[in-house]
Each structure stands twice: as C-alpha cells, then as structure tokens.
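What the coordinates show
Here's the letter readout for the chains.
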Amino acid sequence: MPELTANKTFQSNKTIWYFLLAWTALNIIQAYTLELHADEAYYWLYSRFLNWGYFDHPPMVALFIRFGDSIMHNELGLRILTITVSTASIYILWLILKKYNADIRLFITVISCMFMVHMYGFTTTPDAPLFFFAVVFYYFYQRYIDNDSWALALILGLVVACLLYSKYHAVLLIGFTVLANLKLLKRPSFWFIVVLAAVLFIPHILWQVHHNFPSLNYHLSERSADKYHPEFTYLYPLGQILMAGPLVGWYLFYKGFSARVTDTFTRCLMVNSIGTPIFFLISSFRGEVQPQWTYIAFAPLILLILISFAQKPVIPKWFYPVAIINIVIIVAIRICLIAGIPIGRLQSQFGFKNWSYVVKQKAGDNYVIFNEGFQNPAKYDYYNNTLKGFAYDSRYYRSTQFDIWPIEDSLQHKRVYYLLTYNSPGVTTDSIKVSAGTWYGGWVDDVRTYQKVIIDNGNYKMSAAPGQKINFNLTITNPYTYAIDFSNKGWQHKVFMEACFFNEKGEMQSQLADTTFNKIALKPGQSTHYSFTIVSPKQKGRYDLLFSLRTQPFVGSKNSRIVKFTTE
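Residues numbered from 1 in each chain as written. Predicted model: local features only at pLDDT ≥ 70, side-chain atom pairs only at ≥ 80, totals over all residues. Heavy atoms only, no water.

Right, let's get into the sheet that holds strand β7 (residues 461-464). As summarised here, the arrangement of the five strands in space is β7-β15-β14-β10-β11, forming an open sheet in which the pairing is mixed. Either end of the sheet is taken by a strand with one partner, and the two such strands are β7 and β11 (508-512). Going from strand to strand, the sheet's axes swing by 30 degrees on average, the running direction of each strand aside. Pairing between β7 and strand β15 (residues 563-567): four bridges, direction parallel. Note that in β15 the partner of Ser463 across the bridge is Thr566. (Pairing = 2+ DSSP bridges. Helix = DSSP H or I, 4+ residues; strand = E, 2+ residues; numbered from the N terminus. Axes fitted to C-alpha atoms, helices over the stretch in contact; angles between N-to-C directions.)

Spelled out as structure tokens, the structure:
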C-alpha cells in the first residue's frame, strides 16, 4: 500500500507540472499576440504615475505592470507577472487540496473548464493580483486554523494588506472569513493581523482623504444606476454560470455548493463562495454587476468542487465528455484570438495598435485630446509609450484618473490635436480611417481647460417644483499649482459656466451663468463663492444636475458631483 500511495503521489506531481507548463505556455502566447484591453492600457498609465491610490482602484495592479513593463515594453511584458501568479495560484490551490485527497485529473478538468480562470490567466487587471493573494490567504489560513502562531499571523497580516491593495472586493473575503469563524475574535494573534493590515493600509486611506475620497464617491454613488433594470438581476446568474464554464458551469456550482462542511476551513470556503455571489446579486438592484467582480469567489469555489468530488467520488458518465467539449470551445476561442480573429466584444482588442500609430503620425509630438472616455487615450499612450494622450472629462462621461494626473496642467496654452468620433464642422479638418473605425481630427491653438476646478454646492439630493427658481451658493476652488481666471478678454477660446440637467434618457438641457462669473480669478488653492440662479426643468421627473465649465471648442467638463434632482 505505501508503494501504491507513493506512486500515485509521484504521478500526481508529474501530471500537475506538465499541466502548469502547458498552461503557462498558452498564456505566454496569448499575452504576446493579443492587443491590450483598454483597461490594461489604463492601468499601464497607473504604473507611470505610481501612487498609494487611484480613482478606480488601489495600486497593486500598477506595481504588477511596472514590474513587467520595466523588463520589456510590449503586451507580454505588461502581462508577464499576471501569467506567473496565475500559474502559481493553480499550484497553490492543488497544495491546499492535498489534505482532502483530491483527484488530479478532476482538478485539471475543473480548472480548464472555467472561462474566468482562462481570461485572467493573462489579462492584467486588479482581479489578477486579487485572485492570487486570495489563494495565498487560503493556503496560510488553512494552517493558521490549527496552528495559532505569531509567524502565521504576521504572514496573514501582510497577505490581507496585499489583498486590500489589490481591490476593494477583498473586504468581502475578510468579512466572510471572520463570519465563518467567530472564534477568531478570541485570538490575540487575530487582532495582530487586523492591526498590521490596517497600519499597512494607512497610506492608501490618507491618499483617499487627500483627494476627497474619489473611490468611495464613484463606487458607492456615481456607479449606481438611476433606475433599476430587471436585466441587471436576471442576467447576473447567467453570466456567473458562463464564467464557470459555458457547458458545465451550472454543474460545477451545484457540485461546489453541495460539498459537506467537515471542518472550520471548509466552512470558510462555503461562506465565501456563497456569500460573495449573494452580495453582488443584491448589488444588481443598484446597478449593473460585471461578471468578473465575483472572481475572488472562484478560489473557494474551485476548492469546494474538488472536495465535493472527493467526498462523493461517483461522477456522472456525461461529465467528462461534456467537460472536454467545454474545454475545446474555450481553447478554440483562445486560438482564434491568437490567430487574429475577433470574437464578440473582444473585437475592441484588435486594430488599435495600428490606430495609435496613425494618430501619432497626425499629431507628431503634440498633445492629443480625446473626449470619448479613458479607453482610447490610454491605448494611444501605451502603444506610443508617451503621456501626451489626454482624456477630456466630458460632462457626458464619468470622472477618471485623468482628473487627478498632471497631464492637463501640461497642455495649457499649447497647440493640441483634438480627436473626435464624429465630424464637427469648424473644428475637425481631416479624418482617420483604419480597421478599428473612423475618427475626425483638427488642431486647437492656445488650449485652456479647467477640468480639475471643483464646484461644490454642498447638497447632492434635492427637489423643486417645475419651473421653480433656485439660487445655488457655489464654492469654486482652484486645485492647480498656478493661478486661473475665467475672463474671456484676450483669449482665443471663451469659457462658460453651465448648470446641466440630464433626464433619464441621457438628454441634456443647460443654463448659462451670467457674465459676473467671468470676473472670477483664483490663486493656487484659493476658493470663492458664486451665486448661480437656475430654473428647474418644467417637465416633472428625475434628473442628474451637475455644474460644468465649458471652453471652446470642447463640450464641457464635469466639475461638480452629481445632484440627484427631482421635479414634482
């Protein structure tokens, strides 16, 4: 018997290493051949401006990218650390499962069936480090349950800090782990973990305070939908099943959730793998939930699936044939992407490398201003290895990290190339037609923008009668390191302040401030008050109200938080 056990262990070790080698090779090829996703290019910009925090996320993804990009500036370089930790995560999961007599063939089958694991095996977003540190957490937490040692507490404190620096979703793992084992509260070493992680996370908290909590405002307020849409909820579980495996995802969820809880560790896995999806199901009533947000729950789910298979070794006859078809579908999709064949929504990852070069030929070494969000400016910057692509914070879009970076400061009074997705007579003079689409461009001399200027009315929810006059006592703050003024005398491009009402269809009506606004001049860091009387919309309904500074020829920036405004 000992010889049989040793031989089985040897075969398992040999099989897992062969699988990890193949997994790594496929991810390297995929990473090298596929153009960047817009988010990856955006996070590359994070790595150019290293800081303790960013508008959307904590900084771990920036460190991942900075490491690889310092080795080689191409798609593989940006993704190389993600590929490495993906392979390491799979191996660590296998080490955790050894205690439960998991079957190596089933383990490889389950991993290979999960579309989510494939997708983030090479794509560098905050989900990649989050998943890796979650797996590392479970590895050490499994030992900490039985061995209350200060050494393990130290390691867990560091890992929890890394989780928090990866993505805010880490709070779910921490909370559900404690909920599953309240006896932790009696351990002095547990409180050491809490204090250590909290102290290490202080720099990020201070960054949030210094920047007026942009991440909280965005994730808890601005990201919420104004109106509930049923598809947010009923499409959410379908997306999760697809991410778990196009054909077998439903069965893998069933298998994982049907595992018997036999110890403290499996209870932790169960609470996390069920609690996280339920949390986001509830979140779907506030707005759209993206499928990858639950990726942190896939680590405990994978473990539970294999534990469940070990507890009930009877496998349905249909499982392996269907699982193989499932894997073939996923691998076929990946091969198509390697071959340069666009598929579905992934079409946005094709043609933008050439597009960025063509735009650079038009713009030369000048700044380029885009008004279509952060995606294409980020791609332009990455593929040209520059910081001269700038995302104008349009009042029609959300705030981004471009509102914090010093890029806007550098393009004042300069001649810039303005790129639009539509033809604007008097502004655009030429067009760019490539496989990625058509854009229209033109030159703007002596640029003046006020994207970072803060306009605050102190009230973010209010109601009024249709047509009612309302006086806002606005506080206008200059956050720049240089003085600004809103005078239009001697300027080529005029500036206006507008109150913008957006209805539920996204249609806008604006009201213009009088010319007393143009008398305002502010020194660096200075604030002033300005009285702005507006008239509420005549049609009853719900609106988003924001205050915007518009300089020609731009459409107007988003200078205030959104006021939830109701006419009734």
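Continuing now.
For the rest of this paragraph, the subject is helix α3 (residues 60-69). Here α3 lies mainly inside the structure; seven of its ten residues are buried. Residues of α3 that are buried make contact with α2 (38-48), α4 (75-97), α7 (127-146), α8 (150-166) and α18 (375-384). (Buried < 20%, exposed > 50% of the residue type's maximum accessible area, 1.4 Å probe, protein only. Contact = heavy atoms within 4.5 Å.)

This part takes up the packing of aromatic side chains. Counted under the stated rule, the structure contains 59 aromatic pairs. The interplanar angle of 45 degrees and the centroid separation of 5.3 Å between the aromatic rings of Trp355 and Trp439 together place this pair among those described as tilted. With Trp355 in helix α17 (residues 352-363) and Trp439 in strand β5 (residues 437-444), this residue pair connects regions lying 84 residues apart in the sequence. Per residue, the accessibility class of Trp355 equals that of Trp439, and both read buried. Among the aromatic residues, those joined into a ring-pair cluster are Tyr42, Tyr43, Tyr46, Phe49, Tyr54, Phe374, Phe390, Phe402 and Trp405. Cation over ring: Arg143 sits above Tyr139, and NZ or CZ is 3.8 Å from the ring centre. The ring of Tyr460 carries Arg561 above its face, with NZ or CZ at 4.1 Å from the centroid. (Phe/Tyr/Trp six-rings, centres within 6.5 Å; stacked < 30°, edge-to-face > 60°. Lys NZ or Arg CZ within 6 Å of the ring centre and 35° of its normal.)

Turning our eyes to something else, we now look at the packing of helix α5 (residues 104-113) against helix α15 (residues 295-311). Where α5 meets α15, the closest approach of the two axes is 10 Å, and the angle between their N-to-C directions is 145 degrees. Relative to α15, α5 is oriented so that their crossing is right-handed. Only Ile302, Ile305, Leu306 and Phe309 of α15 make contact with α5, whose side of the interface consists of Leu106, Phe107, Val110 and Ile111. (Left-handed = near helix turned anticlockwise from the far one by under 90°.)

Moving on, we come to the pattern of salt bridges. Scanning the model with the defined rule gives 15 salt bridges in all. Residues Glu75 and Lys353 are paired through a salt bridge, measuring 3.1 Å at the closest nitrogen-oxygen approach. Of the two residues, Glu75 sits in helix α4 while Lys353 sits in helix α17, which places them 278 residues apart along the sequence. The buried category is assigned to Glu75, whose relative accessible area is 5%. By relative accessible area, Lys353 is classed as partly exposed at 28%. The salt bridge involving Asp409 is made with Lys452; its shortest N-O contact spans 2.8 Å. Taken together, the residues Asp409 in helix α19 (residues 407-410) and Lys452 in the loop between β5 and β6 (454-456) connect sequence positions 43 residues apart. Counted as one network, the salt bridges with shared partners bring together Arg395, Glu498 and Arg550. (Salt bridge = Lys/Arg side-chain N within 4 Å of Asp/Glu carboxyl O.)

Limitation: the analysis is restricted to geometry and does not speak to function.
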